Amino acid sequence: MKSDPLFLYRRFTGRRLLWSEIMKSLEKIDEKQLQTALEVLEEQGYVTKEPSIQTSFWAIRKKCNRCGAGSLYLEKSSCAICKERSCVYCTKCLHRGRAKSCSFIYSFQPMSQSIDFHSEPSYPLRPAQQKTLVDIQKLLHGQSRSIYVVMVAGAGKISILAALFQQLLSEQKHIFWCLPEKEVEQNLNQMKLLMPNLVKQCLDQSFVVGTKWDLLSYHQQFDVLLLDGVEVPPFFSNGALAKEGQQVQIGLPFPRNQQTSLVVHPVRLHQYPLPIPKFIHYRGLRRGLQLNKPIEPLRLFIEEIQSLNGQAWIVVPSKKDGKMVMDWIEKVMPVIKDKSRMIGEENENAEELRILFSEQKFTFLIIPHYLLKSIRIANLHLCVLFAEHSSIERKRLVEMSQLVGIHAYFPCCEVWFVGEENTNTIVQTKKEHIYLNELAKKEGYLNERA
Amino acid sequence: MRWWSFLFPIHPNCWFCNQSKVQTFLSSSWSNICEDCLGLLSPIQNPTCHVCFRSLADDSGICCDCLMVAIEDRVQNVSAVAYTSKAKKVISRFKYLGDERYAKYIGAMMRDVVEVHYRGIPFSVITSVPLHHKRLTERGFNQSQLLAEQIGKSIGIPTLNLLERNKPSPPQASLGRADRIRSLQNSFQISEEAQQLDLRPHTILLVDDVYTTGSTIRECAKTLRSAGAKTIYSTTFAR
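Below you will find a few notes about this structure.

What counts, and at which threshold
Residues numbered from 1 in each chain as written. Chains lettered and ligands numbered in written order. Predicted model: local features only at pLDDT ≥ 70, side-chain atom pairs only at ≥ 80, totals over all residues. Heavy atoms only, no water. Phe/Tyr/Trp six-rings, centres within 6.5 Å; stacked < 30°, edge-to-face > 60°. Helix = DSSP H or I, 4+ residues; strand = E, 2+ residues; numbered from the N terminus. Buried < 20%, exposed > 50% of the residue type's maximum accessible area, 1.4 Å probe, protein only. Lys NZ or Arg CZ within 6 Å of the ring centre and 35° of its normal. Contact = heavy atoms within 4.5 Å. Buried area = accessible area lost by both parts, 1.4 Å probe. Salt bridge = Lys/Arg side-chain N within 4 Å of Asp/Glu carboxyl O. Polar contact = N/O pair within 3.5 Å; in protein donor to acceptor, adjacent residues only side chain to side chain. Nonpolar A, V, L, I, M, F, W, Y, C, P; charged D, E, K, R; others polar. Pairing = 2+ DSSP bridges. Axes fitted to C-alpha atoms, helices over the stretch in contact; angles between N-to-C directions.

**A few points about the packing of aromatic side chains**
Logical step 1: Within this structure, the stated rule accounts for 21 aromatic pairs over all chains.
Logical step 2: Aromatic pair B:Phe16 and B:Tyr102: ring centres 5.4 Å apart, planes at 65°, arrangement edge-to-face. Placement of the pair is B:Phe16 in the loop between helix H1 (2–7) and helix H2 (35–41) and B:Tyr102 in helix H5 (residues 101–117), with a sequence separation of 86 residues. Judged on exposure class, the residue B:Phe16 and its partner B:Tyr102 are both buried.
Logical step 3: Of the aromatic side chains, those joined through ring pairs into one cluster are B:Trp15, B:Phe16, B:Tyr102 and B:Tyr105.
Logical step 4: Over the ring of A:Phe104 we find A:Lys49, and its NZ or CZ is 4.4 Å from the ring centre.
Logical step 5: Its end group placed over the ring of A:Tyr89, A:Arg98 keeps NZ or CZ at 4.8 Å from the ring centre.

Next up, the structure:
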């Protein structure tokens with residue numbers, strides 16, 4: 001049964017898999033029978049086969065045919081299977097299984113399947129959400145192959161997407177919802193709560209939720225690829241999208257590429273404006289922290305948070321800077337020492353500290369910017385120290401600034417950038433927030449009391 | 001190039017994460033590992049068991065497990081790091097994901113340990129724990145053999161495949177203590193290549209990736225002893 005060509009084609013239609021991946025998903029199958037079945041499918045044109053690694057004498061021509069990685073990621077090894085001493089394998093997509101020059105990738109042609117989909121009553125959308133949905137739908141029905149959606153954090157993204165997915169599935173379209181690895185489960189659970197039938201009916205080949213690495217195992221399968229907070233190299237998306245497929249990117253900062261079709265959603269669900277970041281110029285910040293001198297802006301921020309009875313993230317560029325701030329607090333402001341904790345690296349302890357912080361067990365969380373994650377606390381504020389640091393890009397600065405003020409009970413939160421230099425990144429971040437607020441006001445989305 | 005790299009040194013990344021690492025000249029392999037990874041890998045410190053290299057609370061010599069093994073079956077072992085969760089991750093990236101670059105890194109760490117603890121022992125052959133041919137074709141490489149080759153290359157001793165596995169056994173990591181010992185009984189034999197050799201005068205260094213109960217090492221040593229080998233030592237990455 002498992003080695004029947006028709007069974008194999010139905011099972012793997014629209015997929016792009018290594019031999020080892022096929023073997024793994026078909027447990028206890030005879031290798032020779034599988035080989036014969038795949039040869040039959042190849043002869044009939046249902047399967048195309050290519051080497052996993054494209055080898056060449058010239059480094060520029062060497063390429064992993066699965067993830068598109070160049071010679072920088074390709075390593076030689078002596079292989080026990082092909083007995084070659086220079087069998088090349090890819091180290092970039094290694095966690096998805098070894099792509100080697102002696103193995104093949106099998107691409108199964110997509111099958112045109114009709115989707116048996118029954119729509120369910122959708123969640124009522126606010127006017128701003130409704131407009132964004134209509135704008136995206138218009139662009140999807142047009143000629144645009146790439147659409148960029150600027151959506152502020154706390155805009156009710158899931159409800160907009162649920163309505164969009166309903167519409168697309170009723171049009172018999174195949175969708176891939178691409179998310180960062182750590183957010184797949186959370187987003188899927190939220191979608192299940194909002195539209196249980198949608199997920200139950202369609203979580204197969206017609207509606208797939210996964211990471212960018214999952215995209216690599218599909219072949220021309222999807223009509224719409226929705227990149228939600230992830231950036232995907234063209235090689236990843238080109239293989240998975242059908243010939244006429246479209247890509248929708250949801251992100252935060254405005255794109256630099258002016259050619260993509262743009263949709264802007266400038267307002268949060270609670271309809272209050274976004275907090276505008278304040279830049280505080282402080283010369284000799286690092287030296288002051290190292291020598292445990294009083295740092296006026298940091299002291300003021302801490303005192304303000306305490307007077308507001310709130311909590312705050314103090315974001316730094318690196319773990320080392322975090323330790324320096326902790327030392328400074330211990331020496332200069334020992335009163336808040338017991339109210340401050342630091343996360344230096346991602347481990348079980350970090351997750352525990354995040355939970356304690358969300359339970360308001362302490363007030364100040366010192367954290368490197370790359371470990372900062374969204375926490376739903378009402379009275380939460382943000383101070384970015386060394387905001388001019390080259391490791392903090394504009395995208396990250398915008399993302400961090402929008403993590404506060406999401407809660408409807410406390411929409412007016414403080415966002416401070418403290419640095420030794422006012423950079424273009426900081427100026428652009430500020431301008432972007434002002435523009436989004438002005439746009440929301442112009443469109444009449446803002447709460448009248450705001 | 002030396003003056004250039006002295007003036008503008010490039011700090012390479014830690015072997016096991018992406019953190020940049022400042023390296024000094026003539027430093028050991030451990031200096032290629034960042035402080036965070038080093039803390040998580042925890043190199044084995046004295047006092048240790050004189051036989052299996054397990055960390056002991058006091059300098060009592062031999063651990064309880066080794067006391068239960070007959071003296072003639074014991075094989076002296078040294079290991080680079082404790083079998084922590086980080087060591088598990090490193091081994092699984094190397095062994096199961098197949099990142100063969102790790103052979104170079106792990107091999108260098110094991111060489112350092114061999115040089116320190118087996119100083120003065122005149123090894124003449126290095127060999128490794130073999131894989132069954134089915135597992136070998138599945139995985140594409142023998143991780144122990146790669147480690148043995150790395151150590152051999154750096155200390156200038158030939159690496160030979162003296163052993164072969166004559167029956168497949170389930171992965172040791174999936175078995176309990178008693179099953180591990182039982183599953184390996186009579187699984188090894190002398191390879192065709194080694195049958196031509198006289199193993200009696202040789203001092204053999206046996207290489208494996210992990211030492212848990214020591215049953216694999218002892219079983220391999222038993223086969224080598226039956227072929228005439230007198231002195232066998234072993235080394236593993238994790239203990």
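Next comes the rest of the account.
**Concerning the interface of chain B and chain A**
Logical step 1: Contacts between the two partners involve twelve residues from chain B and, on the opposite side, 14 residues from chain A.
Logical step 2: Summed over both partners, the interface of chain B with chain A comes to about 1,100 Å²; 47% of that surface belongs to carbon and sulfur atoms.
Logical step 3: On the chain B side of the interface with chain A, the three residues burying the most area are B:Leu97, B:Glu100 and B:Arg101, jointly 41% of the side's total.
Logical step 4: Applying the counting rule to chain B against chain A returns two salt bridges.
Logical step 5: Across the pair A:Arg98 and B:Glu100 runs a salt bridge, and its minimum N-O distance is 2.9 Å.
Logical step 6: Linking chain B with chain A are seven residue pairs in polar contact (both at pLDDT 80 or more), by the criterion used here.
Logical step 7: Counting residues per element, the side of chain B that touches chain A draws most heavily on helix H6 (residues 133–139) of chain B, at three residues.
Logical step 8: When grouped by side-chain class, the residues that make up the side of chain B that touches chain A number three nonpolar, three polar and six charged.

**Points about the sheet that holds strand E9 (residues 175–178) of chain A**
Residue and element names in this part refer to chain A.
Logical step 1: The sheet built from six strands is open, its strands ordered E10-E9-E11-E12-E8-E13 with parallel pairing. If you trace the sheet from one side to the other, it starts and ends with strand E10 (207–210) and strand E13 (261–265), each paired once. Going across the sheet, the axis of each strand differs from the next one's by a mean of 15°, ignoring polarity.
Logical step 2: Where E9 and E10 come together, four bridges link them in parallel fashion. In the sheet register, Cys178 faces E10, and the bridge partner there is Gly210.
Logical step 3: Contacts from helix H4 (residues 127–141) reach strand E8 (146–151), strand E11 (222–228), strand E12 (241–251) and E13, with the element oriented near 170° to E13.

**Some words on the sheet that holds strand E17 (residues 364–368) of chain A**
Strands pair in a sheet through their backbones, by hydrogen bonds, and they do so in one of two ways: parallel or antiparallel.
All names here are of chain A.
Logical step 1: Within the open sheet, the six strands sit side by side as E14-E19-E18-E15-E17-E16. Their pairing is parallel. Since the sheet does not close on itself, it has two edges, and those belong to strand E14 (278–281) and strand E16 (340–342), each with one partner. Neighbour-to-neighbour, the strand axes of the sheet open up by a mean angle of 20°, direction not taken into account.
Logical step 2: In this sheet, E17 lies alongside E16 in parallel orientation, the contact comprising three bridges. Residue pairing for E17: Ser340 is matched across the bridge by Phe364.

**Quick notes on the pattern of salt bridges**
Logical step 1: This structure, assessed with the given rule, holds 25 salt bridges over all chains.
Logical step 2: The shortest N-O distance in the salt bridge between A:Arg66 and A:Glu21 comes to 3.5 Å. With a gap of 45 residues between them, A:Arg66 in the loop between strand E4 (63–64) and strand E5 (74–77) and A:Glu21 in helix H2 (residues 19–25) connect regions that are remote in the sequence. Pair check on accessibility: A:Arg66 and A:Glu21 agree, each one buried.
Logical step 3: The partner of B:Asp198 in a salt bridge is B:Arg200, with the nearest N and O atoms 3.1 Å apart.
Logical step 4: B:Asp198 gets classed as partly exposed once you look at its relative accessible area, which sits at 41%.
Logical step 5: With relative accessibility at 51%, the residue B:Arg200 sits in the exposed group.
Logical step 6: Residues participating in the shared-partner salt-bridge network are A:Glu296, A:Arg299 and A:Glu303.

That is the geometry; function is a separate question.
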